[in-house]
Amino acid sequence: MTLLPDGARIDVTTGPPVGSPLYDAIGERHTNRGPFEDKPVATSTLVDLAGLSGVQVRWILDPEPRAAMSRLLIDAAAALCADEQQSRDNFAWFRGGNDDVQRHRDGLSLGGQGFGPLMLAVAKLLPASSREAGDQFWLKQTITVHTATAAAYGVITTNTPDDRATQLTAGRLLERIHLTAASQGIALHHMNQVTERIDRERSTGAVATFGPRFASLLPPGEQPLLTFRVGYPVRDGAPSPRRDVAQVVR
Ligand SMILES: Cc1cc2nc3c(=O)[nH]c(=O)nc-3n(C[C@H](O)[C@H](O)[C@H](O)COP(=O)(O)O)c2cc1C
């Protein structure tokens with residue numbers, strides 16, 4: 001495997017099968033946007049930094065910082081919905097009905113929202129939701145489900161956020177954590193609205209509000225790259241749309 005300079009490249013050759021618990025968990029790994037149980041997670045068991053440098057994971061577990069992180073995530077979701085361009089960019093990934101899912105084979109679908117079976121059946125019968133309705137739904141879920149039931153938040157941080165190799169390493173660490181969580185029956189939900197708002201404030205030249213608030217929850221000098229919540233799920237996560245192997249492997 002080579003990561004740079006031309007993007008990640010993986011050459012596949014034949015050989016004897018080598019077992020790995022993370023490989024075995026691939027089929028069980030789904031982003032879970034549903035409610036989590038009120039039960040603590042032993043977060044240290046989720047992280048293996050072997051062979052990965054320049055990144056670390058900070059866990060936000062204690063009630064006070066966890067509540068501050070929840071408020072930050074809710075405020076970032078609200079700011080994102082109020083920003084027409086970001087709202088449009090988000091909505092472009094939403095696949096309202098099965099026709100849309102089959103056409104794109106990517107993005108966010110109703111099946112991946114963590115609904116119970118009744119709610120999912122009702123949602124599938126409704127016409128494709130508007131951008132405004134989708135934003136309101138997401139904001140409400142952020143308040144009443146995502147932040148309300150997070151057992152802990154994880155943040156992958158670094159001192160070199162703009163370095164491409166660091167960014168790829170952070171992605172590999174995230175994948176490891178997600179697969180390890182899946183192998184232990186622990187759910188993970190990516191929540192990147194705060195870093196998206198930090199970038200947005202920077203690129204529009206707005207006053208930095210989210211950067212300083214996030215920094216106050218992290219060790220000095222460390223920059224957040226990826227944010228997620230973990231917990232024991234009330235319901236299993238569901239598979240999301242995928243392209244055919246032939247569409248992505250050359
Ligand atoms: C780098 C990265 C950032 C993501 N950020 C978010 C996010 O902020 N909110 C969210 O709901 N899902 C987020 N996701 C989850 C993707 O939407 C999800 O992986 C995709 O829908 C595929 O679903 P799956 O993980 O269940 O296979 C993120 C995923 C990655 C890899």
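Here the structure is a predicted model, which means the values were calculated and not measured.

## Observations regarding the sheet that holds strand E4 (residues 152-158)
Ordered by their spatial adjacency, four strands build an open sheet running E1-E4-E6-E5, and the pairing between neighbours is antiparallel. Unpaired on one side and paired on the other, strand E1 (56-60) and strand E5 (187-190) mark the two borders of the sheet. Averaged over neighbouring strand pairs, the angle between their axes works out to 30° when direction is ignored. In the sheet, E4 pairs with strand E6 (residues 223-231) via seven bridges, with the strands oriented antiparallel. By the bridge assignment for E6, glycine 154 is matched with phenylalanine 228. Strand contacts of helix H2 (residues 63-82): E1, E4 and E6, with the helix running at about 75° to E4, the strand carrying the most contacts.

## As for the pattern of salt bridges
By the definition in use, this model includes 13 salt bridges. Of the charged contacts, one joins glutamate 175 and arginine 29 as a salt bridge, the two residues approaching to 3.5 Å between their closest N and O atoms. With a gap of 146 residues between them, glutamate 175 in helix H7 (residues 164-183) and arginine 29 in the loop between helix H1 (21-24) and E1 connect regions that are remote in the sequence. Across the salt bridge formed by arginine 95 and aspartate 106, the nearest N and O atoms sit 2.7 Å from each other. Of this pair, arginine 95 sits in strand E2 (residues 94-95) while aspartate 106 is found in the loop between helix H4 (98-104) and strand E3 (108-109), placing the two residues eleven residues apart along the sequence. Accessibility expressed as a relative area gives 14% for aspartate 106, which makes it buried. Among the ionic contacts, a cluster of salt bridges with common partners joins Asp83, Arg197 and Arg200.

## So, the nonpolar core
The biggest cluster of nonpolar side chains holds 20 residues, and the ones touching the most others in it are Leu46, Ile156, Leu173, Ile177, Phe228 and Val230. For this core, the secondary-structure elements that each account for two or more residues are E1, E4, H7 and E6. In terms of residue count, H7 provides more of this core than any other element does, five residues in total. Setting aside its immediate chain neighbours within four residues, leucine 46 contacts Val41, Trp59, Ile177, Thr180, Ala181, Gln184, Ile186 and Val230. In terms of nonpolar packing, the next biggest core, distinct from the first, is built from 14 residues, Met69, Ala76, Ala150 and Val155 among them.

What counts, and at which threshold
- Residues numbered from 1 in each chain as written.
- Predicted model: local features only at pLDDT ≥ 70, side-chain atom pairs only at ≥ 80, totals over all residues.
- Heavy atoms only, no water.
- Pairing = 2+ DSSP bridges.
- Helix = DSSP H or I, 4+ residues; strand = E, 2+ residues; numbered from the N terminus.
- Axes fitted to C-alpha atoms, helices over the stretch in contact; angles between N-to-C directions.
- Contact = heavy atoms within 4.5 Å.
- Salt bridge = Lys/Arg side-chain N within 4 Å of Asp/Glu carboxyl O.
- Buried < 20%, exposed > 50% of the residue type's maximum accessible area, 1.4 Å probe, protein only.
- Core = buried A, V, L, I, M, F, W, Y, C linked by side-chain atoms within 4.5 Å.

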